[in-house]
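Examining the three-dimensional arrangement
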Amino acid sequence: MSDDAKGKKTFRQDQPVHPSLHFEISSSQAVCHFTGDWNISTGGDLESVNQTWHSFFDQELAVNQIKLKVHNQVNWDSRLVAFISSKKKVLLKNGIEVDGDFPEKLNKLIDLRSDHVESTKDSSVSRVSGSFLDWWEPFCHRFSSPLNFLGAWIISLLMLPLLKTQMRIRDLITECRQCGAAALPIVTLISFLTGLTMAFVGSVQLEKFNAKIYIADLVCLAMVREMGALMVGIIMAGRTGASFAAEIGSMKLNEELDSLRTFGLSPMEFLVLPRTLALLIMTPMLTIYADIVGMLGGLTVGTQIMDFSVSHYIEQTQASISGMWEVFSGLLKSLAFGLIIGLVGCFKGLHTGNSSVSLGRSVTSTVVTAVTMIVVTDAVFEIIFSALELR
Amino acid sequence: MINKKEAIISVENLCLSYGSYKVLEKVSFEVEKGSCMVVMGGSGCGKSTLLKSMIGLLDPKEGRISYKSQDLLSVKKSHRQKLLSEFGVLFQGGALWSSMTVLENICLPLECHTSLSTAEIEDMGRYKMSLVGLSGFEDFYPAQISGGMRKRAGIARAMALDPEVLFFDEPSSGLDPVNSKRLDDLINELKTNLEVTFVVVTHELASIFEIADDSVFLDPQKKTLVAKGDPKSLLNQTENQQLQDFLRRQT
Ligand SMILES: Nc1ncnc2c1ncn2[C@@H]1O[C@H](COP(=O)(O)OP(=O)(O)OP(=O)(O)O)[C@@H](O)[C@H]1O
Ligand SMILES: [Mg+2]
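Residues numbered from 1 in each chain as written. Chains lettered and ligands numbered in written order. Predicted model: local features only at pLDDT ≥ 70, side-chain atom pairs only at ≥ 80, totals over all residues. Heavy atoms only, no water.

Describing the overall build of chain B
For chain B, the count of helices and strands is nine helices and ten strands. Relative to the 2.2 N^0.38 estimate, which gives 18 Å for 251 residues, the radius of gyration of chain B is 18 Å and therefore close to what a compact globule would have. Overall size of chain B, expressed as C-alpha extent along the three principal axes, is 55 × 45 × 40 Å. Counting only residues that meet the buried cut, chain B has 51% of its 251 residues in that class. Sequence-distant contacts, at least 24 apart, represent 64% of the contacts inside chain B between residues at least 6 apart. Surface exposure of chain B reaches about 11,300 Å², of which carbon and sulfur atoms provide 50%. (Helix = DSSP H or I, 4+ residues; strand = E, 2+ residues; numbered from the N terminus. Rg over C-alpha atoms; globule rule 2.2 N^0.38 Å. Buried < 20%, exposed > 50% of the residue type's maximum accessible area, 1.4 Å probe, protein only. Contact = heavy atoms within 4.5 Å. Areas by Shrake-Rupley, 256 points an atom, 1.4 Å probe, with all protein chains shown as cover.)

What follows is the structure in structure tokens.
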């Protein structure tokens, strides 16, 4: 027989009895008898028990001495210990003498409880009266801390050409690999499919006008001007921005940021600068790559479904780009997106609270904030471009 | 001030709080150069908080902290940074940089603050690791070593730049008795031979009596310092029941 089965044998087979108690009174001495099964596994609530308890003390105001009696056949675990010790504390506070008639083991466990250190959190806290400051300070902080962060970032960026920086080139290279090369597979997949989908959607419309070859123009211009940068931005926000926030945030939880500071290393120069610079370098590069892969997606549809020859499609694509400005405008956007993602991720990481809950919140809010800002910035760019008649 | 030796750090009327939650009030004491000051007190009484304020990570609500008779809170920021760089710190949780190996952790401060060659820096790092009995674990990442080993690696990193003052937050928690004794010996050696000053938070009675020249005892209820002096002489000072309980391990 296994140990498990042997152990089970010793457990009682009959149904557990709900915990209960009753009082016996003689002159000024009261006795409280505990009966039933006082086990955590018995379950149920202690409402009726508490009711009996309280109604007894409400009625018998004269009682100044009570004996708590637990019979030997009562089953108990820490549930009973917790009950008795909390009641005992209240009774003692009210000046009622408590006398226990417990099995030896139970007695020892009750004595173990120590309440001599009470939390003094509320009593000695000096609060600023009035709720205005409570509201105003965090409100100001919300606006001032991103600005402080941005200012510090710009200063450390300006220090860079003076070579007065703590940033290590090694870190910059590692970060570039992490957020650039390592992102190639996903960027390939997404931008290829984006180009492909646009070609499919466009071809249906263009067919109506008998202008199917303009599919090359459509895919090329959309990728170069808009979709390349946007898709890379969104991928980077979810991939790299979130990882920046998580990395820096968990370093904060771990006191690693504090230990950097004690060695005179500024987290701004040591952690934030290599990460943001890596993104600034890699996002435009990935965007160029995404543009090309997206056009390949269009080419696949154009040649395989619509039966254009490869050279015809490529010629049409070349003709569609009127100047390098088309490409640069997309790269300009991607530069802005990279900056947004890097700064948001690092800022949220540095401003993580002291718990893993707030770490999760920082990561989520990094992705949400970055994606929102990317889409808004994209729109602003387009508005500016059209206002300046650059489109 | 009438002192046998000059005070290297002096803390005056320090009040510390997190937001509106007061942790410590009106704490004053001095640390003599080349001595070992032990900070004692029950769990949660603000020892780590006091240490953090002394190394400039937490600005106090009130009070002064001076190092070599210069007020750390009012000197210029760059000068303050220079003063603080003479400190070495072990955090309660070790706080090793998790993206670097143990050896890189110890070498990074040397890389950033000295102009030694890479090979020499590595040699120094290995030497510091051997001081805390961690030889052979140079290429492990912090996540791959045990809690006690992380503590020791943290100690090695704190000593990386041969600081003038070393702050240890519970260095011997999580260490076996042998390593704990070795650490006490190390502290005593550095103290006598290199005149390093120590500020150590510890609960371990054996090591308190071994290393302490001076001590402060913090009380979580009164939120301040209730006793100071050499722990051996505090043993005879019987007015404070809590301190006696602490020092004699009674409840
Ligand atoms: N980041 C924080 N935010 C708010 N309150 C804090 C924070 N850190 C510590 N406290 C509070 O400050 C008090 C002192 O904490 P501290 O960590 O300094 O205690 P300690 O003496 O080092 O304890 P231990 O011996 O357990 O390390 C605690 O009561 C705690 O509630
Ligand atoms: Mg602590």
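That was the structure; now back to the text.
Notes on the interface of chain B and chain A
Opposite the 28 residues of chain B that make contact, chain A presents 24 residues. Where chain B packs against chain A, one counts three salt bridges. For the pair chain B and chain A, the interface holds nine residue pairs in polar contact (both at pLDDT 80 or more). Secondary-structure elements contributing two or more residues to the side of chain B that touches chain A are β2 (21-32), α2 (77-84), β6 (87-90), α3 (102-113) and α5 (147-158) of chain B. At five residues, α3 of chain B tops the list of elements feeding residues into the side of chain B that touches chain A. (Salt bridge = Lys/Arg side-chain N within 4 Å of Asp/Glu carboxyl O. Polar contact = N/O pair within 3.5 Å; in protein donor to acceptor, adjacent residues only side chain to side chain.)

Considerations on the packing of α3 of chain B against helix α4 (residues 118-131) of chain B
All names here are of chain B. It is the contact of α3 with α4, at a shortest axis distance of 9 Å, that shows an interaxial angle of 125°. With respect to α4, the axis of α3 lies oblique. At the point where α3 passes α4, the crossing takes the right-handed sense. Along the contact surface, α3 presents Val102, Leu103, Ile106, Cys107, Leu110 and Glu111, while α4 presents Ile121, Glu122, Met124, Gly125, Arg126, Lys128 and Met129. (Axes fitted to C-alpha atoms, helices over the stretch in contact; angles between N-to-C directions. Parallel < 35°, antiparallel > 145°, perpendicular 65-115°, else oblique. Left-handed = near helix turned anticlockwise from the far one by under 90°.)

Examining the sheet that holds strand β1 (residues 7-18) of chain B
Strand pairing in a sheet is mediated by backbone hydrogen bonds. Such pairs are either parallel or antiparallel. Residues and elements named next belong to chain B. Pairing is antiparallel across the open sheet formed by four strands, whose spatial order is β2-β1-β4-β5. In the strand order of this sheet, the two ends are held by β2 and β5 (70-71), each with one partner. Where β1 lies against strand β4 (residues 62-67), five bridges are found, and the strand directions are antiparallel. Across the sheet, Cys15 pairs through a bridge with Glu62, a residue of β4. (Pairing = 2+ DSSP bridges.)

Thoughts on the nonpolar core
Grouped together as the largest cluster of nonpolar side chains are 44 residues, with contacts concentrated most on Phe149 and Met236 of chain A. Those elements that place two or more of their residues in this core are α5 (132-159), α6 (169-179), α8 (215-253), α9 (256-262), α10 (267-304), α12 (324-350) and α13 (356-387) of chain A. The element best represented in this core is α10 of chain A, accounting for twelve residues. Every residue in contact with Phe149 of chain A, bar those within four places of it in the chain, is listed here: Met268, Val272, Leu343, Cys346, Phe347 and Leu350 of chain A. Counting 42 residues, the second-largest nonpolar core is a separate cluster that includes Leu110, Ile208, Leu234 and Leu247 of chain B. (Core = buried A, V, L, I, M, F, W, Y, C linked by side-chain atoms within 4.5 Å.)

As for the site of ligand 1
Looking at ligand 1, there are 14 residues lining it, with Ser43, Lys47, Ser48, Thr49 and Gln92 of chain B nearest. Chain contributions to the surroundings of ligand 1 come from chains A and B. In this structure, an oxygen atom belonging to ligand 1 sits 3.4 Å away from a side-chain N or O atom of Tyr21 of chain B. At a separation of 2.4 Å, an oxygen atom of ligand 1 approaches a polar side-chain atom of Thr49 of chain B. For ligand 1, whose unbound accessible area comes to 630 Å², protein coverage reaches 68%. Broken down by element, the residue count for the shell around ligand 1 peaks at three residues, all from helix α1 (residues 47-54) of chain B. A breakdown of the residues in the shell around ligand 1 according to their chemical character gives four nonpolar, eight polar and two charged. (Near = heavy atom within 4 Å. Nonpolar A, V, L, I, M, F, W, Y, C, P; charged D, E, K, R; others polar.)

Some words on the coordination of the magnesium ion (ligand 2)
Residue and element names in this part refer to chain B. Surrounding the magnesium ion (ligand 2) are the protein donor atoms Ser48 (OG) and Gln92 (OE1), at 1.9 to 2.2 Å. Separated by 44 residues along the polypeptide, Ser48 in helix α1 and Gln92 in the loop between β6 and α3 bring together distant segments of the chain. For Ser48, a relative accessible area of 21% translates into the label partly exposed. The partly exposed category is assigned to Gln92, whose relative accessible area is 36%. (Donors = N, O, S within 2.8 Å, 3.2 Å for Na, K, Ca; no water.)

Notes on the domain arrangement of chain B
Residues and elements named next belong to chain B. Taken as a whole, chain B is organised into domain 1 (1-86 + 164-251) and domain 2 (90-163). The distance between the C-alpha centroids of domain 1 and domain 2 comes to 24 Å. Listed as interface residues are 22 residues of domain 1 and, on the opposing side, 15 residues of domain 2. Where domain 1 meets domain 2, there are six residue pairs in polar contact (both at pLDDT 80 or more). Looking at the side of domain 1 that touches domain 2, the elements with two or more residues in it are α1, β7 (165-169) and α6 (177-194). By residue class, the composition of the side of domain 1 that touches domain 2 is twelve nonpolar, four polar and six charged. (Domains from an automatic or database assignment.)

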